[in-house]
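# Commentary on secondary and tertiary structure
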Amino acid sequence: MKKILVIYCLFCFHFRTDAQSAFKIKDAVPVKARFFPLNDVRLLPGPFKDAMNEDAKYLLFLEPDRFLHRFRTQAGLKPKAPIYGGWESEGVSGHTLGHYLSACSMMYAASGDNLFKKKVDYIVDQLDECQRARKTGYVGAIPREDSIWDEVATGDIRSQGFDLNGGWVPWYTIHKLLAGLVDAYRYAGNKKALGIATKFGNWIDVKFKNLTEEQFQKMLDCEQGGMNEALANIYALTGNKKYLVLSYRFDHHRILDPLAEDEDILAGKHANTQIPKVIGTARQYELTGNQKNEATAVNFWNMVTAHHSYVTGGNSNYEHFDKPGELSNLLSDNTTETCNSYNMLKLTRHLFALNPEAHYMDYYERTLYNHILGSINPDDGMTTYYVPLIAGGQKTYSTPTNSFWCCTGTGMENHVKYGESIYAEGQDRGLYINLFIPSKLKWKEKNLQIILDTKFPNVDDVAISISGNGKASKFPIYVRYPYWATEGITVTVNEEPVKINTNAEGYYTIERIWKPGDKIHITMAMKIHTEAMPDNKNRIALLYGPIVLAGELGKERPEQQDIPVFVLNDEQVSDLVKPAGSDNILLFETASTNNKETILMKPFYELHHQHYIVYWDKFTTEGWNKKKKEYEAELKRQEEIKARTVDMVRIGEMQPERDHNFKGEKTNTGEAFGRKWRDASGGGGFSFTLDTKGNNDLQLACTYWGSDNGNRNFEILIDNVKIATQKLASEKPNEFFDMMYDIPGNLLQNKKMITVRFQALPGSMAGGLFGCALLKKTN
């Protein structure tokens, strides 16, 4: 394993405030690269600047008092505004305020706009009032929080994946608040924020000091975000070692210990529960030099990026990891949760600064352009929860005041901090140029400005100029040699060609005496290339340089048999993709697909408000003829089922469900793959009443999605009599399937109506159910 060194930047940005000068604990591991502070970088016009501007408008639109509603009521104070809807009105209330505090703090650093600092200072003052009113050091907005923490503190711990003593991920919510307070101190210089965080840490130390290690670890079976990271950061700011001890108490050994031994135990695990834990271990390594922490962080990053990630850099299906390298059948409307990529980029920044190698920034670039930039609606700044990769998928965005998902919170932050990883300073005082995002760096120590001027990826060249009042001095400039530049790179300095020498870390070095007025020009030829699924060479994505291309499929979701594919024999896929005849080099079109239509292809990050295809299937002519016969057989089967149908419920549609006397507890509904679904969790269930039309020989037909998995175990009952137990565990990946259940004759005898109930087993979910019908049995 390569020796990795400490990231100095992710926590201690050199934001020049009194708060920064109070930084107490220096990292225990030497630094190889230090990212420049966010307030020293300004974005120039381009897609990243546009996204940041939309995010800024949304942050200014939001009202802090609405986020603070429950913080005040929980503290016995009168709220100043009604609470927001969505998750903020539910059990995870309060998590968004932490993200909002972080986002406004970073936006202040990234823009210098005092409107954001005013919001930060106001929120911190309000939280201080709430904390003082409670008199314990605790401050929160979680329903039933006092009784939850009292029970847990006595050792009465009932912990499941997202439930702790009846509360929805309470430690996760606390982590977001602590992270926001720390960011308010780091980026906006608010000293009071650190005081609140410190008192909160004292409450944790006192409240749970009597828990045994076994009890504490049981508590950590519930998602807790990055509590170990937050407490490590408070230790670094205050110098009080008790917070470091607390940080290590929050290390979840059932997960982290196997990772330290390079054991991939991720299959079936909720992805975003694990990533923040590992960020915490990276931070612990920086502060202590603990080799186990180092191994955990490096091993996990390698596992996720090499074996669990899609072409966009995102990971997870239905929020969960699956078996390593098995991705081709895990494509759905719920692929690539955006929180995951937010956190993977944080971890990548740690590891790059510890060991500045190009492959870290290759991954960072891929994920930033294709997932993060593609996750924001350019019209209004709303963001996605998932970024679907299933063929025919479409992005769905949050609403301004009634979503506040976890990914709404990370979305607020994602588009603020595009400038944080473009530049870094090496141990030798050299300059790392990691990303080709148009921007301006104010290099204070050298009294220089670095201007990176480009329209990349719409062009293949980058201009870098040096200006300012600094003296001429000798230092190296390290420029990442991206993996996709297979056609080579040309570099000139002041219009003179420069020979490229790439170091072992994947950066080429230009070292000379630099002075204001010097100009570097870089050309990196891009071309179409393909990337296959690791477990299916005939399911591929197309890229141009680092940019994932997607095909436009229109406003209406296509039927499965109408999804375009590549039908070819001796040709290469890249031979079928041609420039679209536009000045835009990122627009292409395909030919020779199954339906003979021309499909326009463009950057995935630019596709909004329509259906698309990212992963394409390849067939030979013979293979495609076979597949067509399968489609035709399925259509025939569906017609036969339709002819046998006695009664059916259109799941998730209000009037049809009412017409069938819908009843349910702890049940949810939504849409996926163009169809509505319903499920139930936490011991809940749901039921419908169906008309037998006097038939005594019937089957119940239920439609499920074949990739559903993750503890979906439930019973099916007719008039309170169990007729089947169903488990969904990816039986038929990436397709719908019907299960037929015979209904005993005695349950139908002399009945015109029957009630069908789907009951979740303890600790499990019922569904998702996409269809429910009574069918006449075949002879």
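In this text the structure is predicted, and so the values were computed from the model without any measurement.

Cut-offs and rules
- Residues numbered from 1 in each chain as written.
- Predicted model: local features only at pLDDT ≥ 70, side-chain atom pairs only at ≥ 80, totals over all residues.
- Heavy atoms only, no water.
- Pairing = 2+ DSSP bridges.
- Helix = DSSP H or I, 4+ residues; strand = E, 2+ residues; numbered from the N terminus.
- Salt bridge = Lys/Arg side-chain N within 4 Å of Asp/Glu carboxyl O.
- Buried < 20%, exposed > 50% of the residue type's maximum accessible area, 1.4 Å probe, protein only.
- Phe/Tyr/Trp six-rings, centres within 6.5 Å; stacked < 30°, edge-to-face > 60°.
- Core = buried A, V, L, I, M, F, W, Y, C linked by side-chain atoms within 4.5 Å.
- Contact = heavy atoms within 4.5 Å.
- Expected span 1.5 Å × (residues − 1).
- Polar contact = N/O pair within 3.5 Å; in protein donor to acceptor, adjacent residues only side chain to side chain.
- Axes fitted to C-alpha atoms, helices over the stretch in contact; angles between N-to-C directions.

Turning to the pairing of strand β16 (residues 536-544), a few remarks are in order. Side-chain direction in a regular strand flips from residue to residue, so the side chains alternate between the two faces of the sheet. Pairing of strand β15 (residues 528-533) with β16, which is carried by 6 bridges, proceeds in the antiparallel orientation. Following the sheet pairing, I528 is matched in β16 by Y544. Linking β15 back to β16 in an antiparallel pair, the connection comprises 2 residues. Bridge analysis of β16 against strand β23 (residues 615-619) gives 3 bridges, and the strand direction is antiparallel. Bridge pairing in β23 places A541 opposite Y615. Across 3 bridges, the pairing between β16 and strand β17 (residues 547-554) is antiparallel. Along β17, the bridge assignment pairs L542 with L549. Counted along the chain from β16 to the antiparallel partner β17, the turn is 2 residues long, and its residue G545 has a positive phi close to 60°.

The next point concerns the pattern of salt bridges. Under the defined criterion, the tally for this structure stands at 40 salt bridges. One salt bridge in this structure joins D125 and K192, with 2.8 Å as the shortest N-O distance. Of this pair, D125 sits in helix α6 (residues 114-134) while K192 sits in helix α9 (residues 191-207), and the two are 67 residues apart along the sequence. The class for K192 is partly exposed, based on a relative accessible area of 37%.

As a further point, take the packing of aromatic side chains. When we look at a pair of aromatic rings, we describe it by the centre distance and by the angle of the planes. By the definition in use, this model includes 48 aromatic pairs. Aromatic pair F67 and F404: ring centres 5.3 Å apart, planes at 85°, arrangement edge-to-face. Of this pair, F67 sits in helix α3 (residues 64-67) while F404 sits in the loop between α17 (358-372) and α18 (406-414), placing them 337 residues apart in sequence. Taking the relative accessible area as the measure of exposure, F67 reaches 1% and is therefore buried. With a centroid separation of 4.6 Å and an interplanar angle of 25°, the aromatic rings of F566 and W616 are classed as stacked.

Moving on to the nonpolar core. One finds L127, W171 and I204 to be the most contacted residues of the largest nonpolar core, which totals 188 residues. If one sorts the elements of this core by residue count, helix α8 (residues 170-188) sits on top with 11 residues. Excluding residues within four positions of it along the chain, W171 makes contact with W149, L164, W203, I204, F208, M219, E223, Q224, M227 and F250. By size, the runner-up hydrophobic cluster in this structure holds 30 residues, among which are I651, L700, I723 and F758.

Under the 1.5 Å per step criterion, the end-to-end length of helix α14 (residues 271-288) is 26 Å for 18 residues, consistent within 8% with the ideal 26 Å. Burial analysis of α14 places 17 of its 18 residues in the buried class, the great majority of the element. Once α14 ends, the next one or two residues include G289, with phi positive near 75°.

Attention now goes to the side chain of N434. Mapped onto the elements of the fold, N434 is located in the loop between β6 (431-433) and β7 (439-443). Polar side-chain contacts of N434 include one of 2.6 Å to the side chain of Y507. With residues up to four places along the chain from it excluded, the contact list for N434 reads F35, F352, M361, S421, I422, Y423, A424, R480 and Y507.

The strand order across the open sheet built from 5 strands is β1-β5-β6-β10-β13, with neighbouring strands paired in mixed fashion. Across the chains shown, the open sheet's two edge strands, defined by having one partner strand only, are β1 (33-35) and β13 (507-514). This sheet shows a mean twist of 25° between the axes of neighbouring strands, independent of strand direction. The pairing of strand β5 (residues 423-426) with β6 spans 3 bridges and is antiparallel. Residue pairing across strands places E425 opposite L431, the latter belonging to β6. Of the strands in this sheet, β1, β5, β6 and β13 touch helix α16 (residues 338-354), which is tilted by about 140° from β1. Those strands touched by α17 are β1, β10 (473-480) and β13, and its axis lies near 55° from that of β10.

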